[in-house]
Amino acid sequence: MDPRDLANLEYTPAEMAAMGRAALDRVVAHVASLSDQPICGDVEVDDLCRAMREPPPEAGEDLEALLDRLYQEWIPRSFTTSAPGYMAYIPGGGLFPAGLADLIADTSNRFTGIWRAAPALVQLEANVLAWFRTWMQFPDTTAGLLTAGGSMATFNAILCARERHLGADLRDGTAYVSSEVHHCVFKAARLAGIMPDRVRRIPVDAGFRMRVDTLQQAIARDRAAGLRPFLVVGSAGTINTGAVDPLDELADLAARESVWFHVDGAYGAFFHACPELRPILCGLPRADSLALDPHKGLFLPYGTGALLVRDGAALRAVHAIDASYLPRPASEDLYDPARHGPDLSRGFPGLRVWLCVKLFGAARLRAAIAEKRQLAVDAARRLGALPGIRVLAPPALSLFAFHLRLPGASVADESTATRTLIDRVRARGRVMITGCETGGRFVARVCVLSFRTRQAQVDTLVDHVTQETAAILGEAGRGGRTAGVAG
Ligand SMILES: *Cc1c(COP(=O)(O)O)cnc(C)c1O
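Residues numbered from 1 in each chain as written. Predicted model: local features only at pLDDT ≥ 70, side-chain atom pairs only at ≥ 80, totals over all residues. Heavy atoms only, no water.

Caption draft 1: Highlighting the packing of helix 6 (residues 150–165) against helix 11 (residues 312–319). Between helix 6 and helix 11, whose axes approach to 9 Å, the crossing angle comes to 90°. Classified by the angle between their axes, helix 6 and helix 11 sit roughly perpendicular to one another. Taken together, the residues of helix 11 that come into contact with helix 6 (itself represented by Asn 156, Leu 159, Cys 160, Glu 163 and Arg 164) are Ala 313, Ala 314, Leu 315, Ala 317, Val 318 and His 319. (Axes fitted to C-alpha atoms, helices over the stretch in contact; angles between N-to-C directions. Helix = DSSP H or I, 4+ residues; strand = E, 2+ residues; numbered from the N terminus. Parallel < 35°, antiparallel > 145°, perpendicular 65-115°, else oblique. Contact = heavy atoms within 4.5 Å.)

This is how it looks when you write it as C-alpha cells:
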C-alpha cells in the first residue's frame, strides 16, 4: 500500500464483493451444519481467553485468517444457542434474514434516531411497532420502542410508571412483583431509582402465579405506612416454570388501586399473536406497558427487545426533549425514536424485524409460534409419563419444569440427581436443557422456542431423558442397596 494512502479506509467494489462472499460462505456453511454441531461447546476455556488478550494491532490482518479463528476456534466454544436442539434458558434462534437486514442497515448507515433524518426508514420501524400493537391488541394511543432486549424495555417501562405516579419524589414509591419474577425487573427498578428495599416480592400459589390476595394486603400495608404504591409487574410466562400470572385480576387490582400495571412478556408475549392462544394470556392487552422480546418469541437474533406503552404520552413524557442543533421533531402522527427512548445515535433495529416479517408473513410466524407450544405440550406429556419423573405442570405456553423422583430420597438428593440428569443429557451433545431453583428444590426446565426446534429434536429430548433417567434410577437403586448392606 502507498504509505501516503494509509488514511484511505474505503474498499473497491471488487474487494467488497470478495469480502462479502468470503463471509457469506462461512455463514451459510455454519448455519447449514448447526444440527451437527455439539449442542454445547467447550466453554471451560478461561485460560484460552486470558491468552487471547492482545494490544491493539498496529497493522491490519487478512480477513480469511480472522474468519478462520472465529469459526474454528471461538464460535464453537459456546452454547450452540442457534442449534435446533437448544431448549435451555429461553431460546432465540436467529432468523437468517435478520443478518441480511443488519448488513444493509450497517452499510447504508442512515441515522434513524430522529424521524427527519431518514423518514421512510423510520416509518418501517414505526410499522413494526404498530404490528406488535395489533398482535397484542393494544389501543391506537400506544407508543413503542425497540430496545436491546427485555431488560431495557422493562427499564423504560418503570421510568414511565415512575414519572406518571411519583414525579420527583421517588423514595416513597413501592413496586410489587412475584417471587418468580425475572431478576431484570430488580435491575431495571434500581436503574430507575427504585431501590431494592422498595420492591416487594409477593409469594406465588401452587401454580407459581402471583397471589392477588397477598398483593392486595401488601399494598394496603404500605399505604398505611405512608408509602406510595405505584407499580405492579405481572409475568406473561416466568423464566423458571413458564407460569402466567393472573393478568386479568392484576389489571383489575391495578385499576382499583390506581397503580401502573406492567407486564413482562419478554418470554411469552408473542404467543398472543396467535388468536387461539389468547385466552392463556387473558388480560395482557390491559397492561399499561408490555415488554416483549422479538429475540425470543419472534425468533430474531439477540439484540432486539421491544416495549409498548398504552398511553404513548407517558413514554414521550420521559424522553421527549428538544435540542436546537437537531431538526424539528415530526408531527404527532409520525414516529421520532429519540423522543420515545434514551438513545439518540443508534443502529437500525427496526429493519431486521421488518425484513423478517415481510419475507415470512405473519401467518408463517404464527404457525411457528403455535408449533413450539404444541411441541412443548407433547414433550411434557411424554416426560411426565416416565417412571421417576414429575412434571410440575403442563406448559402454559412452551416452557415446563420437571424433576427426578427417587423412592425414599430427600429433596436435596432429588435435586442433585436432577442436576446430574441435565448434565448427562447435555453431554450427549444433541439437546440442551437447564435448571433453576424454585419451590424449594432444583428443577430441570425445557423451553421450546427456537424456530429450528421441530418434532425430531423433541423426540431426541424424550429419548435421551428416558435413557439417562433410567440409568440414574438404576444407580440410585444399586447405591441404596449397597448402603443398606453396608449399614
Ligand atoms: C429473557 C427475559 C427477560 C430479560 O430480557 P432480555 O432480553 O434478556 O434483556 C425478562 N423477563 C423474562 C421472563 C425473560 O424470559
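So much for the structure itself; the text now carries on.
Caption draft 2: Geometry of helix 12 (residues 349–360). Compared with an ideal rise of 1.5 Å per residue, which puts 12 residues at 16 Å, helix 12 spans 18 Å between its outermost C-alpha atoms and is within 8% of the ideal. Considered for burial, the residues of helix 12 that qualify are Pro 349, Gly 350, Leu 351, Arg 352, Val 353, Leu 355, Cys 356 and Val 357. Where helix 12 is buried, its residues touch helix 4 (96–108), helix 5 (119–135), strand 1 (143–147) and helix 13 (362–384). Two residues or fewer past helix 12, Gly 361 is found with a positive phi of approximately 85°. (Expected span 1.5 Å × (residues − 1). Buried < 20%, exposed > 50% of the residue type's maximum accessible area, 1.4 Å probe, protein only.)

Caption draft 3: Local environment of the site of the ligand. Around the ligand, 14 residues are found, and the nearest of them are Gly 150, Ser 151, Asp 264, Asp 293 and Lys 296. Between the ligand and Gly 150, the relevant distance is 2.7 Å, taken from an oxygen atom to a main-chain nitrogen or oxygen of the residue. Asp 293 places a side-chain nitrogen or oxygen 2.5 Å from an oxygen atom of the ligand. Considered on its own, the ligand offers 370 Å² of accessible surface; in the complex 86% of this is hidden by protein. Residue assignment for the shell around the ligand shows that the elements contributing at least two residues are helix 6 and helix 10 (294–297). Of the residues contributing to the shell around the ligand, the split by class is five nonpolar, six polar and three charged. (Near = heavy atom within 4 Å. Polar contact = N/O pair within 3.5 Å; in protein donor to acceptor, adjacent residues only side chain to side chain. Areas by Shrake-Rupley, 256 points an atom, 1.4 Å probe, with all protein chains shown as cover. Nonpolar A, V, L, I, M, F, W, Y, C, P; charged D, E, K, R; others polar.)

Caption draft 4: The sheet that holds strand 11 (residues 441–447), seen in detail. Spatially, 8-9-11-10 is the arrangement adopted by the four strands of the open sheet, whose pairing is antiparallel. The sheet is open, and its two edges are formed by strand 8 (389–391) and strand 10 (434–438), each paired on a single side. Within the sheet, the average angular offset between the axes of one strand and its neighbour, ignoring direction, is 40°. Pairing analysis gives five bridges linking strand 10 to strand 11, with the strands arranged antiparallel. By the bridge assignment for strand 11, Thr 434 is matched with Arg 445. Packing of helix 13 onto the sheet brings it into contact with strand 8 and strand 9 (399–404), and relative to strand 9 it is tilted by some 15°. Contacting strand 9, strand 10 and strand 11, helix 14 (residues 411–427) runs over the sheet at an angle of about 30° to strand 11. (Pairing = 2+ DSSP bridges.)

Caption draft 5: Layout of the pairing of strand 11. Within strand 11, seven of the seven residues are buried, leaving the element largely enclosed by the surrounding structure. Taking every second residue as pointing to the same face, both faces of strand 11 are buried, with Arg 441, Val 443, Arg 445 and Cys 447 on one and Phe 442, Ala 444 and Val 446 on the other. Across four bridges, the pairing between strand 9 and strand 11 is antiparallel. Bridged to Phe 400 within strand 11 is Val 446. Hairpin geometry of strand 10 and strand 11 is characterised by an intervening segment of two residues between the two adjacent antiparallel strands and by a positive phi of about 55° at Gly 439.

Caption draft 6: Quick look at the environment of Lys 358. Note that Lys 358 resides in helix 12. The class for Lys 358 is exposed, based on a relative accessible area of 53%. For the pair Lys 358 and Asp 197, spaced 161 residues apart in sequence, the C-alpha separation works out to 45 Å.

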